[in-house]
Amino acid sequence: MKQRIDGVTPPYTPEADRALHRWMPPGVDREPLMLFKVLERHPELASRMRALGAGLLVHGRLSDADRELVIARVCARSGCGYEWGVHMAAYAEVAGLTPRQITLTATGTPDDPAWSSRQTALLRAVDELHTGSRLTDEAWSGLRQHLDEREALEFLVLAGWYRTIAYVANGTAIDPEPSALALPEEQVSPPTPPRAG
């Protein structure tokens, strides 16, 4: 499928160049990601998005391990190979994910023995949110055994934010980045939605 919105291209205007480099982590001197170039087609929207994205990625309360597990699962469940691949290539090692766990973020279940009880709680919560846009009391209690109130709120925003990013990347059909990992083709089957009430 052809990419539906072209990203801005060099030579960048001074404003676009500054904005694109604000998206990238400090000290990274490579070409900005295509997602950022696409978003810069709407600079006002991009600047508003950048503030939340940076807040979650750099200044959040969740650990790198928790954050990247949540991002990987949200992106995998959303079929967003673009963002899954970028994060697993850049952050999986920092998050302490083993090669098997990287694959399991897309293909496994929360009950796999490769996961700790904390990771299981995070994965279950992501899966419930993905399937039904809500959490059962059991999933919420599982989260709160590991996250304090602020962390739990941040978890909800993080999961929703990366669902938004998946919509943008999938909706505009952004091609994978050259350095990204490939999303495993076999992905986890959706769980049964939680019953209402």
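Numbering of residues begins from 1 in every chain and follows the order in which that chain's sequence is written. Per-residue local features of the predicted model are confined to residues with pLDDT of at least 70, and side-chain atom pairs are confined, for both listing and counting, to 80 or more; whole-chain, interface and lining totals are unaffected and use all residues. No hydrogens and no water enter the side-chain calculation; it runs on all heavy atoms of the structure.

Engineer: Break down helix α7 (residues 117-132) for me, with residues and values.
Structural biologist: For α7, which comprises 16 residues, the first-to-last C-alpha distance of 22 Å matches the rise-based estimate of 22 Å (1.5 Å per residue) to within 8%. When a residue's accessible area, from a 1.4 Å probe over protein chains only, is under 20% of the maximum for its type it is buried; when over 50% it is exposed; and in between it is partly exposed. A run of H or I in DSSP counts as a helix once it spans at least four residues, and a run of E counts as a strand once it spans at least two, with each numbered from the N terminus. Of the positions making up α7, those classed as buried are Gln 119, Thr 120, Ala 121, Leu 122, Leu 123, Ala 125, Val 126, Asp 127, Glu 128 and Leu 129. Residues of α7 that are buried make contact with α4 (64-77), α6 (99-107), α8 (137-144) and α9 (149-171). Ser 133 occupies a position one or two residues after α7 and carries a positive phi of about 60 degrees. The span one expects for a helix is its residue count, reduced by one, times 1.5 Å. Whether two residues are in contact is decided by their heavy atoms, any of which lying within 4.5 Å being enough.

Engineer: Provide a residue-level description of the layout of surface pockets, including the pertinent values.
Structural biologist: A cavity here means a set of 1 Å grid points, computed over protein atoms only, where a 1.4 Å probe fits but cannot escape. A pocket is an open set with protein on both sides within 12 Å along at least 5 of 7 lines, and lining residues have an atom within 4 Å of a point. Grid points are joined across faces, edges and corners, and a volume is the space filled by probe spheres set on the points. Its volume calculated, the largest pocket comes out at about 520 Å³. Taken together, 27 residues form the lining of the largest pocket, with Trp 23, Pro 25, Phe 36, Leu 57 and Tyr 91 sitting closest to its centre. At the level of secondary structure, the elements contributing two or more residues to the lining of the largest pocket comprise α1 (14-23), α2 (34-39), α3 (43-57), α4, α5 (81-91) and α9. Residue contributions to the lining of the largest pocket peak at five residues, all from α5.

Engineer: I'd like a rundown of the packing of α4 against α5, residues and numbers included.
Structural biologist: Two numbers describe a pair of packed helices, the interaxial angle and the distance between the axes. To obtain each axis, a line is fitted to C-alpha atoms, and for helices this fit is confined to the stretch in contact; angles are then taken between N-to-C directions over 0 to 180 degrees. At a minimum axis separation of 8 Å, α4 and α5 run at an interaxial angle of 155 degrees. When the axis of α4 is compared with that of α5, the two are roughly antiparallel. Taken as a pair, α4 and α5 cross one another with a handedness that is left-handed. On α5, the residues touching Arg 67, Glu 68, Ile 71, Ala 72, Cys 75 and Ala 76 of α4 are Glu 83, Trp 84, His 87, Met 88 and Tyr 91. In the scheme used here, Gly and all other residues not listed as nonpolar or charged are polar, with Ala, Val, Leu, Ile, Met, Phe, Trp, Tyr, Cys and Pro taken as nonpolar and Asp, Glu, Lys and Arg as charged. Class assignment of the residues belonging to the contact of α4 with α5 gives a composition of seven nonpolar, one polar and three charged. Every angle not falling under 35 degrees, over 145, or within 65 to 115 is termed oblique; those three ranges are roughly parallel, roughly antiparallel and roughly perpendicular. For a crossing to be left-handed, the near helix must be turned anticlockwise from the far one by less than a right angle; the clockwise case is right-handed.

Engineer: Please give an account of a nonpolar patch on the surface that cites residues and values.
Structural biologist: There is a patch of nonpolar side chains on the surface, built from Trp 140, Leu 153 and Leu 156 and spanning about 260 Å² of accessible area. Along the chain, Leu 153 falls in helix α9. A residue is classified by how much of its surface remains accessible, and Leu 153, at 52% relative accessible area, is exposed. Patch rule: a residue counts if its relative accessible area is over 30% and it has no salt bridge; like charges are joined within 9 Å, and nonpolar side chains (Val, Leu, Ile, Met, Phe, Trp, Tyr) within 5 Å. To be clear on the numbers: accessible area is Shrake-Rupley with a 1.4 Å probe, and residue cover counts the displayed protein chains and nothing else. The term salt bridge refers to a side-chain nitrogen of Lys or Arg lying within 4 Å of a carboxyl oxygen of Asp or Glu.

Engineer: With reference to specific residues and values, describe the side chain of Thr 172.
Structural biologist: Mapped onto the fold, Thr 172 is located in the segment after α9. Here Thr 172 is in contact with Gln 3, Arg 4, Ile 5, Val 38 and Tyr 167, once residues within four sequence places are set aside.

Engineer: Tell me what's going on with unusual backbone geometry, and back it up with residues and numbers.
Structural biologist: Residue Pro 10 is joined to Pro 11 through a cis peptide bond whose omega torsion reads -5 degrees. Counting through the fold element by element, Pro 11 comes out in the segment before α1. In this model, Ser 133 sits at a positive phi of 60 degrees, which is unusual for a non-glycine residue. Looking at where Ser 133 falls in the secondary structure, it is placed in the loop between α7 and α8.

Engineer: Describe in detail the environment of Glu 68, supporting the description with residues and values.
Structural biologist: Its location among the elements puts Glu 68 in helix α4. Pairs of N or O atoms are called polar contacts if they sit within 3.5 Å, as long as, within protein, a hydrogen donor faces a hydrogen acceptor (for residues adjacent in sequence, only side-chain-to-side-chain pairs). Reaching out from Glu 68, the side chain makes a polar contact with the side chain of Arg 67 at a distance of 2.8 Å.

In short, shape yes, function no, at least from these values alone.
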